[in-house]
Amino acid sequence: MNDGELNKEFFELLCYVLTSARGLMDEPKMYGPFRLVDTASRIISILEKHGIADDFLAEERKKIDEGKYSVMESEEKFKEFLDRIIQDFAEELKKS
Amino acid sequence: MTSFFEVILKRRSIRKFRDQEVEEDKIRKIVEAGIWAPSAGNMQPWVFVVVRNKKNIEKIKAMSPGMFDLPAVIIAVCRDMGLAGNFEENISIFDVAMAAQNMLLMACDLGLGACPVRSFNQKAVQVLLDLPEHIVPELLVTLGYPDESPSPPERRKGVVFLEKYGGDGWF
């Protein structure tokens, strides 16, 4: 594993999280949950890139990236999408 | 040749780009379209910074939560607050927005994808681009060859009235 690359990727993720925190003070309410779910996707992407993510996480990252933009369509659709993702994680957690 | 109205209808906000460079002549044309935007009192309060270096693009993206992919080019559409005086201060924001819209349409006409991004940290972008205090980045226009073709979102109806609000209307 290349620590320098991993460090860079996490540093950029921190930049994203911090600028999101500031941005959300002025942005629409629904951007909050969107940024959080996007953060989840970005964390999994880093883990995938470094061969740390398992199949479950890789699959969930795909689902997140396919569904996250529903926030632009309707709050209801976005809520359903988040509920499905959380259910997946709960079922996975139960197995452990 | 695509008609102007077709370009307006065809333009979408493109957030996924192919890993492909954009030719300099196309970028120049897009920026030129921006500088021909209307401007209150002909103030032209805009400044554009074209960013093509991948490393610099990655740095801007890190401070721009509204940017979801790595574009080939970022054009920082800035407002020169030194030019935007008392009267112009509020109205100058429209000028830079109109310049950005010209660029988005030009990009579409050239077969490129573009997206106006407002979710970014203005201070951070000032630091990254060495912008002095009075040059404020208002929008980031991301550019590249599109890797998606989003369907057009519905347009709100009942927004055009004839003669007075609430009466007969179009659309």
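This report concerns the structure included in the present document. For clarity, every value in this text was computed on a predicted model and none was experimentally measured. (Residues numbered from 1 in each chain as written. Chains lettered and ligands numbered in written order. Predicted model: local features only at pLDDT ≥ 70, side-chain atom pairs only at ≥ 80, totals over all residues. Heavy atoms only, no water.)

1. Quick look at the overall build of chain B
Each helix and strand in chain B was counted, giving five helices and six strands. Reading chain B from its N end, one meets helices and strands in the order α-α-β-α-β-α-β-α-β-β-β. Taken over the C-alpha atoms alone, chain B extends approximately 55 × 45 × 30 Å along its principal axes. Counting over 171 residues, chain B shows a buried share of 44%. A total of about 10000 Å² of accessible surface is found on chain B, and carbon and sulfur atoms cover 53% of it. (Helix = DSSP H or I, 4+ residues; strand = E, 2+ residues; numbered from the N terminus. Buried < 20%, exposed > 50% of the residue type's maximum accessible area, 1.4 Å probe, protein only. Areas by Shrake-Rupley, 256 points an atom, 1.4 Å probe, with all protein chains shown as cover.)

2. Some remarks on the layout of surface pockets
Of the volumes computed, that of the largest pocket is approximately 1600 Å³. Lining of the largest pocket is provided by 40 residues; of these, A:K68, A:Y69, B:R15, B:F68 and B:D69 occupy positions nearest its centre. Broken down by secondary-structure element, the contributors of at least two residues to the lining of the largest pocket are α1 (3–23), α2 (31–49), α3 (55–67) and α4 (70–73) of chain A together with α3 (54–62) of chain B. Split into classes, the residues belonging to the lining of the largest pocket amount to 13 nonpolar, six polar and 21 charged. (1 Å grid on protein atoms, 1.4 Å probe; cavity = no way out; pocket = protein on both sides within 12 Å on 5 of 7 lines; lining within 4 Å. Points joined across faces, edges and corners; volume = space filled by probe spheres on them. Nonpolar A, V, L, I, M, F, W, Y, C, P; charged D, E, K, R; others polar.)

3. Focus: the side chain of B:R79
Inspection of the secondary structure assignment puts B:R79 in strand β2 (residues 73–80). What makes B:R79 buried here is its relative accessible area of 10%.

4. Looking at the pattern of salt bridges
Residue and element names in this part refer to chain A. Evaluated as defined, the whole model comprises 21 salt bridges over all chains. Its salt-bridge partner being E60, residue K63 comes within 3.4 Å of it at the nearest N-O pair. Placement of both K63 and E60 in helix α3 is noted, with a separation of three residues, approximately one turn of the helix. Residue class for E60 comes out buried when judged on its relative accessible area of 2%. Beyond isolated ion pairs, a larger network of salt bridges with shared partners links D38, R42, E48, R61, D65 and K68. (Salt bridge = Lys/Arg side-chain N within 4 Å of Asp/Glu carboxyl O.)

5. Examining unusual backbone geometry
All names here are of chain B. In the Ramachandran plot, E163 falls in the positive-phi region, its phi being about 70° despite a non-glycine side chain. With respect to the element layout, E163 can be found in the loop between β5 (160–161) and β6 (169–170). Its relative accessible area of 85% is what places E163 among the exposed residues. Its identity is not glycine, yet F171 carries a phi of approximately 60°, on the positive side. Turning to its location among the elements, F171 is positioned in the segment after β6. Here F171 falls in the exposed class, since its relative accessible area comes to 75%.

6. Concerning the interface of chain B and chain A
Contact residues are listed per partner, giving 12 residues for chain B and 15 residues for chain A. Summing both partners gives a buried area of about 1000 Å² for chain B against chain A, and 58% of it is carried by carbon and sulfur. If you sort the residues of chain B by the area they bury against chain A, B:A62, B:P65 and B:F68 come out on top, with a joint share of 49%. Along the contact surface separating chain B from chain A lie one salt bridge. B:E58 is the salt-bridge partner of A:K8, the closest N and O atoms lying 3.4 Å from each other. (Contact = heavy atoms within 4.5 Å. Buried area = accessible area lost by both parts, 1.4 Å probe.)

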